[in-house]
Amino acid sequence: MPVVRKENTGTDREPVVHCMKWGLVPSFTKKNEKPDHFRMFNARSESVHEKASFRRLIPSCRCLATVEGFYEWKKDGAKKQPFYIHFQDEKPLVFAALYDTWQDSEGEAFWLIC
């Protein structure tokens, strides 16, 4: 997904567009384990300062994410009904997000967002 973040370029921080995958990998995940991107995929503004895994990213790992839409779930008794949120004119939605990197055992770095 396309993300706009700031990158250090000497003394300035310039905006750059970067492609990232949705869902952070928990910091305790070992490099040889298969990452679980769905453990931390939604940083909510009302609780982001309470969770250490998100709190450490707030000072320097903020970005803007563009999406076509997203799902919200509504409970109806024991059932859940998904609702797709999007603009009718198909313009992209932009929202604030946090990003991080994770490196696997082969040294490949993954850029991740939530």
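Residues numbered from 1 in each chain as written. Predicted model: local features only at pLDDT ≥ 70, side-chain atom pairs only at ≥ 80, totals over all residues. Heavy atoms only, no water.

Q: Would you mind going over the pattern of salt bridges with me for this structure?
A: Two side chains with opposite charge may pair up if their charged atoms get near one another. For the structure on display, the rule yields 3 salt bridges. Residue Arg56 pairs with Asp100 through a salt bridge whose shortest N-O separation is 2.4 Å. Note that Arg56 is positioned in the loop between helix H1 (52-55) and strand S4 (62-67) and Asp100 in strand S7 (residues 93-103), a separation of 44 residues in sequence. Here Asp89 and Lys91 are joined by a salt bridge, their closest N and O atoms 4.0 Å apart. (Salt bridge = Lys/Arg side-chain N within 4 Å of Asp/Glu carboxyl O. Helix = DSSP H or I, 4+ residues; strand = E, 2+ residues; numbered from the N terminus.)

Q: Sorry, what's going on with the pairing of strand S8 (residues 109-113) here?
A: For a regular strand, side-chain orientation follows a simple rule: the groups alternate between the two sheet faces. Judged from the 2 bridges that link them, strand S3 (residues 21-22) and S8 form a sheet pairing that is parallel. Looking at the pairing, Lys21 lines up with Leu112 of S8. As paired elements, S7 and S8 share 5 bridges and run antiparallel to each other. Considered in S8, the bridge of Tyr99 is made with Ile113. Linking S7 to S8, which pair antiparallel, is a turn of 5 residues; within it Gly107 sits at a positive phi near 90°. (Pairing = 2+ DSSP bridges.)

Q: Is there a simple way to think about the pairing of strand S6 (residues 79-85) in this case?
A: Bridge count between strand S5 (residues 70-76) and S6: 7 bridges; the pairing is antiparallel. Counterpart to Lys74 in the pairing with S6 is Gln81. Connecting S5 to the antiparallel partner S6 that follows it, the hairpin turn spans 2 residues, and Gly77 within it adopts a positive phi of roughly 70°.

Q: I would appreciate a short explanation of the packing of aromatic side chains in the present structure.
A: Geometrically, a pair of aromatic rings is defined through the distance of the ring centres and the angle of the planes. A complete count under the given rule lists 3 aromatic pairs for this structure. Aromatic pair Tyr99 and Trp111: ring centres 5.9 Å apart, planes at 35°, arrangement tilted. Separated by 12 residues along the polypeptide, Tyr99 in strand S7 and Trp111 in strand S8 bring together distant segments of the chain. Since its relative accessible area comes to 27%, Trp111 is described here as partly exposed. (Phe/Tyr/Trp six-rings, centres within 6.5 Å; stacked < 30°, edge-to-face > 60°. Buried < 20%, exposed > 50% of the residue type's maximum accessible area, 1.4 Å probe, protein only.)

Q: Sorry, what's going on with the environment of Val48 here?
A: By the secondary structure assignment, Val48 is in the loop between S3 and H1. Spatially, the C-alpha atom of Val48 lies 8.5 Å from that of Ile58, the residues being 10 residues apart in sequence. With near-sequence residues (within four places) excluded, Val48 lies in contact with Ala43, Phe54, Arg55, Ile58 and Leu98. (Contact = heavy atoms within 4.5 Å.)

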